[in-house]
Amino acid sequence: AIFGGAPGYRALTTALPKSTQQLGEWLRTNVLNPSHALYREDEYLLQEERTITDRALYGSILRAIASGVASQTELAGRLGRSRESLSHPLTTLIRAGFVIRDEDLLNPNRPEHRLADPIIRFIRLVVDPSRALLDEGHWDIAWHRAAHRLDANVFGPHLEQTAHRW
């Protein structure tokens with residue numbers, strides 16, 4: 001739910017937590033640690049994709065989708081742009097594998113978008129809102145504030161996607 005299935009991420013982390021009570025501490029030493037390689041993994045992944053030129057726009061789109069904004073119209077409203085102006089950036093993110101476009105069988109004119117990469121969803125929803133606290137070493141406060149976002153916006157969608165796949 002946090003790292004997806006990327007085998008390379010496992011090699012970058014310490015031993016996995018043995019219980020859910022140890023998850024916060026495990027994340028603190030890994031992806032919530034400003035000196036860890038995964039702390040800014042989302043930025044690295046976006047930089048690797050040469051077709052993504054306006055990092056602020058693409059980052060805003062990813063952040064909005066991560067927070068639950070699913071339709072192109074909702075995205076346009078959230079970002080203060082026209083619906084048509086988001087066609088190219090959304091297509092680029094879909095082709096690059098960052099976003100998945102789900103067609104609605106009951107309403108084919110209203111597809112929904114979701115993040116394809118769990119690490120981007122985690123960073124955009126858990127790390128980004130608390131980056132100042134994490135940079136200052138206040139991981140316990142950041143973790144306390146992020147716990148509900150982790151459950152609702154990371155674990156919840158992951159469970160739904162897994163159930164949908166099966």
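Notes on the structure in this doc start here. Just so you know, these numbers come straight off a predicted model, no measurement behind them. (Residues numbered from 1 in each chain as written. Predicted model: local features only at pLDDT ≥ 70, side-chain atom pairs only at ≥ 80, totals over all residues. Heavy atoms only, no water.)

1. A look at the nonpolar core
Spelled out, the test is: Take the buried Ala, Val, Leu, Ile, Met, Phe, Trp, Tyr and Cys residues and link them wherever side-chain atoms come within 4.5 Å; each set so joined is a nonpolar core. For the exposure calls, accessible area comes from a 1.4 Å probe over protein chains only, and a residue counts as buried if that area is under 20% of its type's maximum, exposed if over 50%, partly exposed in between. Every helix listed is a DSSP run of H or I at least four residues long, and every strand listed is a run of E at least two residues long, numbered separately from the N terminus. Whether two residues are in contact is decided by their heavy atoms: any pair within 4.5 Å suffices.
Of all hydrophobic cores here, the largest spans 43 residues; its most connected members are Leu27, Leu32, Phe98 and Phe122. Only helix H2 (23-29), helix H3 (41-48), helix H4 (55-66), helix H5 (72-79), helix H6 (87-95), helix H7 (118-127), helix H8 (131-135) and helix H9 (139-165) provide two or more residues apiece to this core. Apart from residues no more than four positions distant in its own chain, Phe122 is found in contact with Ile2, Leu27, Val31, Leu32, Val127, Leu150 and Val154.

2. Considering the environment of Ala132
Tracing the backbone through its elements, the reader meets Ala132 in helix H8. A relative accessible area of 53% means that Ala132 is categorised as exposed. As for Ala132 and Ala142, which are separated by ten residues in sequence, their C-alpha atoms are 9.0 Å apart.

3. Things to note about the packing of H4 against H7
Counted only if it meets this: To obtain each axis, a line is fitted to C-alpha atoms, and for helices this fit is confined to the stretch in contact; angles are then taken between N-to-C directions over 0 to 180 degrees. Angle categories are assigned with fixed cut-offs, so that under 35 degrees is roughly parallel, over 145 is roughly antiparallel, 65 to 115 is roughly perpendicular, and the rest are oblique. In the scheme used here, Gly and all other residues not listed as nonpolar or charged are polar, with Ala, Val, Leu, Ile, Met, Phe, Trp, Tyr, Cys and Pro taken as nonpolar and Asp, Glu, Lys and Arg as charged.
At a minimum axis separation of 9 Å, H4 and H7 run at an interaxial angle of 85°. Taken together, the axes of H4 and H7 lie roughly perpendicular to each other. Of the residues in H7, those in contact with Gly59, Leu62, Arg63 and Ala66 of H4 are Ile120, Arg121, Arg124 and Leu125. Of the residues contributing to the contact of H4 with H7, the split by class is four nonpolar, one polar and three charged.

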